[in-house]
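# Topology and contacts: notes
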Amino acid sequence: MWPIWPYGNCNTATSPYCGCLKGFERKTPDETSPDDNTSVCKRIIDLDCGPGEGFLKFPSMKLPDTENAVFSRNMSLLDCETSCKNNCSCTAYANPNITPGGVGCVLWFWGLIDIRVYPQYGQDLYVRLAASELSGSRNKMGSAEVPLFSLSIISRATSDFSVDNKLGEGRFGPVYKGVLEEGLEIAVKRLSKSSRQGLDEFENEVICIAKLQHRSLVKLLGYCIQGDEKMLIYEYMPNKTLDSFLFGRDLLNSKSADLLLIIQIMEYYTY
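Structure report, in brief. (Residues numbered from 1 in each chain as written. Predicted model: local features only at pLDDT ≥ 70, side-chain atom pairs only at ≥ 80, totals over all residues. Heavy atoms only, no water.)

### Side note on the side chain of T91
The criterion, for reference: Under the scheme used here, helices are H or I runs from DSSP no shorter than 4 residues and strands are E runs no shorter than 2 residues, and both carry numbers assigned from the N terminus. Note on classification: 1.4 Å probe, protein chains only; a residue is buried when its accessible area is under 20% of the maximum for its type, exposed when over 50%, partly exposed between these limits. Should any heavy atoms of two residues lie within 4.5 Å, those residues are counted as being in contact.
Of note, T91 is situated in strand β7 (residues 90-94). Residue T91 is classed as buried on the basis of its relative accessible area of 7%. Contact partners of T91, with chain neighbours within four places excluded, come to Y7, R43, C84, W108, F109, W110, L112, Y126, V127 and R128.

### Considerations on unusual backbone geometry
A positive phi angle is found at S60, which is not glycine, with a value near 55°. Judged by its relative accessible area of 26%, S60 is partly exposed. A positive phi angle, near 55°, is found at S159, a position not held by glycine. Relative to the helices and strands, S159 resides in the loop between α3 (151-157) and β11 (166-170).

### Some details on the pattern of salt bridges
The condition that has to hold: A pair is scored as a salt bridge if a Lys or Arg side-chain nitrogen falls within 4 Å of a carboxyl oxygen belonging to Asp or Glu.
Counted by the stated rule, this structure contains nine salt bridges. For D124, the salt bridge identified is with K57, shortest N-O distance 3.5 Å. Placement of D124 in strand β10 (residues 123-129) and of K57 in strand β5 (residues 54-62) is noted, with a sequence separation of 67 residues between them. The class of K57 is partly exposed, set by a relative accessible area of 44%.

### Description of the pairing of strand β14 (residues 220-226)
Rules: When DSSP locates at least two bridges between a pair of strands, those strands are taken to pair.
Along β14, seven of the seven residues are buried, which leaves the element largely enclosed by surrounding structure. In terms of strand pairing, β14 meets strand β15 (residues 229-235) through six bridges, oriented antiparallel. For I225, the partnering residue across the bridge sits in β15 and is K230.

### A word on the state of the cysteines
Note the threshold: The disulfide criterion used throughout: a pair of cysteine sulfur atoms within 2.5 Å.
Evaluation of the coordinates by the stated rule reveals four disulfides. One disulfide in the model links C20 with C41; its S-S distance is 2.1 Å. Since a negative S-S torsion denotes a left-handed disulfide, the C20-C41 link at about -85° is left-handed. Within this pair, whereas C20 is found in strand β2 (residues 18-20), its partner C41 is found in strand β4 (residues 41-43), the two being separated by 21 residues in sequence.

### A short note on the packing of aromatic side chains
Counted only if it meets this: What counts as a ring pair is set by centres within 6.5 Å for rings of Phe, Tyr and Trp (its six-membered ring), and what kind of pair is set by the plane angle: stacked under 30 degrees, edge-to-face over 60, tilted for all other angles.
Following the criterion strictly, the structure yields four aromatic pairs and no others. A centroid spacing of 4.9 Å and a plane angle of 85° characterise the contact between F55 and Y93, whose relative ring orientation is edge-to-face. In this pair, F55 sits in strand β5 while Y93 sits in strand β7, placing the two residues 38 residues apart along the sequence. Here F55 falls in the buried class, since its relative accessible area comes to 15%. With relative accessibility at 2%, the residue Y93 sits in the buried group. Measuring from centroid to centroid gives 5.4 Å for F161 and Y176, while their planes differ by 70°, and the two rings are edge-to-face. Within this pair, whereas F161 is found in the loop between α3 and β11, its partner Y176 is found in strand β12 (residues 173-179), the two being separated by 15 residues in sequence. The buried category is assigned to F161, whose relative accessible area is 12%. By relative accessible area, which is 8% here, Y176 ends up buried. An aromatic cluster is defined as three or more aromatic residues linked by ring pairs; in this entry it consists of F55, Y93 and Y126.

Here it is as structure tokens:
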């Protein structure tokens, strides 16, 4: 029997058979209830009904259950997209008419249930995603093979950006120490919300730093974009790293001096 959790996607050609749609991730154990196994997937980036939101095409799909859907017989695909775009509660749309040139529109609201890949007889499904999940930023930074972290994961790792985890502050914002669930220590550079750096500049910084990876530089592990939050996630480096070798002293008289120095060097060469 196929699982029917919201935003799940099943495909007999893959192993495991079922996972989450692109743009979604499995919830962690502390986010799920043992009494409820029907809510497994969550959005990586929450929707905010902003102008940059759009739709990602999933071809060859069995269309979701229509319990929370509305059907229009005479609406074109373009009109269908516009109608969904203009309603913040609309999560997906599709043309259910399999006749070549046929029209029709189904709009889904809230969770998408019972989705599967149908290689031969499937239809196109358009799922609403946040701006940073779409081609403009995700594909551009994906070319640098830098993982995207969700804000919820980084918030948990840093104890909601606790002041006790703050390592210091650079030109563009504070840096926090955190620990991922698998035990990996990280340093999170959180871009100041008052910064004038836009999304394009942030993307360029991610790509530039990813290409500058070197054994003498702290490693960039990934990035996070959600709402007005922009963050870079580095490996955490303890005392006596690059600044000690270069200068033979603790420049900031702080255990985080080495990390902040490296981040500031990267910022200098990025801008």
